[in-house]
Amino acid sequence: MSTFNRNTLVKVLEILDSSHPEEALAAAKLASAMVREAGLTWDQVIDATALPRPLPAAAPAPAPLPPPARAANAGPFGYSRRERDLSPHEQFFMVLLSPRTPADVKRKLRAWEARVLDGEITPQESQDLQFMYKSFVAG
């Protein structure tokens, strides 16, 4: 079971309004995988009891918190290399979603999609995917 990061999920879900249908679909699949790998259901993720409750009328609104500082080694979507290594599945979708990834590379990745989702990529493809991730996402 992987660590669930709600902020990362929000960032992935924000890509759903992309004008590129492929990116929106990839974001939806990544979000679904994140929830499933965390052992959660969508119902648990959006449970109304987990949402912030409105403040009482008499209480002043708290001052907004400054945005969290992004660690120097933080990757895209807030992942830190110290937290864990990204799975090939996560690398695949991040490469696919990256605006820095050339169109011909995205076409090549589409041919891998079913095998990546099933965890059946070859060791060479896994190395290629790591290289693409470093080149187009992390680099």
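Everything below is about the structure shown above.
Quantities reported herein were computed from a predicted structural model and do not represent experimental measurements.

Conventions we followed
- Residues numbered from 1 in each chain as written.
- Predicted model: local features only at pLDDT ≥ 70, side-chain atom pairs only at ≥ 80, totals over all residues.
- Heavy atoms only, no water.
- Helix = DSSP H or I, 4+ residues; strand = E, 2+ residues; numbered from the N terminus.
- Buried < 20%, exposed > 50% of the residue type's maximum accessible area, 1.4 Å probe, protein only.
- Contact = heavy atoms within 4.5 Å.
- Core = buried A, V, L, I, M, F, W, Y, C linked by side-chain atoms within 4.5 Å.
- Salt bridge = Lys/Arg side-chain N within 4 Å of Asp/Glu carboxyl O.
- Phe/Tyr/Trp six-rings, centres within 6.5 Å; stacked < 30°, edge-to-face > 60°.
- Polar contact = N/O pair within 3.5 Å; in protein donor to acceptor, adjacent residues only side chain to side chain.

Asker: Looking at this structure, I do not really get the overall build of the protein chain. What am I missing?
Answerer: A tally of helices and strands in the protein chain yields six helices and zero strands. Helices (α) and strands (β) of the protein chain occur, in sequence order from the N terminus, as α-α-α-α-α-α. In the protein chain, which comprises 139 residues, the proportion classed as buried is 35%. Within the protein chain, contacts between residues separated by at least 24 positions form 58% of all contacts whose residues are at least 6 apart in sequence.

Asker: Hey, could you run me through the nonpolar core in this one?
Answerer: It is characteristic of soluble globular proteins that their nonpolar side chains tend to be buried jointly. Counting 27 residues, the largest nonpolar core has F92, V95, L109, W112, L129 and M132 as the members making the most contacts within it. Only helix 1 (6-14), helix 2 (21-37), helix 4 (88-97), helix 5 (103-117) and helix 6 (123-138) provide two or more residues apiece to this core. Ignoring any residue separated from it by four or fewer positions in sequence, one finds L129 in contact with P88, Q91, F92, V95, L109, W112 and I121.

Asker: Help me understand the pattern of salt bridges, please; the structure alone is not making it clear to me.
Answerer: Two side chains with opposite charge may pair up if their charged atoms get near one another. Within the structure shown, the criterion is met by three salt bridges. With a closest N to O distance of 2.8 Å, E113 and K29 form a salt bridge. With E113 in helix 5 and K29 in helix 2, the pair connects residues that are 84 residues apart, well separated along the chain. Taking the relative accessible area as the measure of exposure, K29 reaches 30% and is therefore partly exposed. With its nearest N and O atoms 2.9 Å apart, the salt bridge here joins R110 to E113.

Asker: Explanation requested: the packing of aromatic side chains in the structure shown.
Answerer: For any two aromatic rings, the description comes down to two numbers: the centre-to-centre distance and the angle of the planes. The tally for this structure, following the rule as stated, stands at one aromatic pair. Plain terms: the ring middles of F92 and F93 are 5.0 Å apart, the flat faces sit at 85 degrees to each other, and that makes the pair edge-to-face. Given the relative accessible area of 0%, F92 is considered buried.

Asker: It is not clear to me how the environment of P102 should be interpreted in this structure. Could you clarify?
Answerer: Topologically, P102 is positioned in the loop between helix 4 and helix 5. Owing to a relative accessible area of 30%, P102 belongs among the partly exposed residues under this scheme. For the pair P102 and F136, spaced 34 residues apart in the sequence, the C-alpha separation amounts to 8.5 Å.

Asker: Would you mind going over the side chain of E113 with me for this structure?
Answerer: What makes E113 buried here is its relative accessible area of 10%. Among the polar contacts made by the side chain of E113, one reaches the side chain of R110 at a distance of 2.9 Å. E113 has contacts with K29, F92 and F93, leaving out every residue within four places of it along the chain.

Bear in mind that shape data such as this cannot, by itself, settle questions of function.
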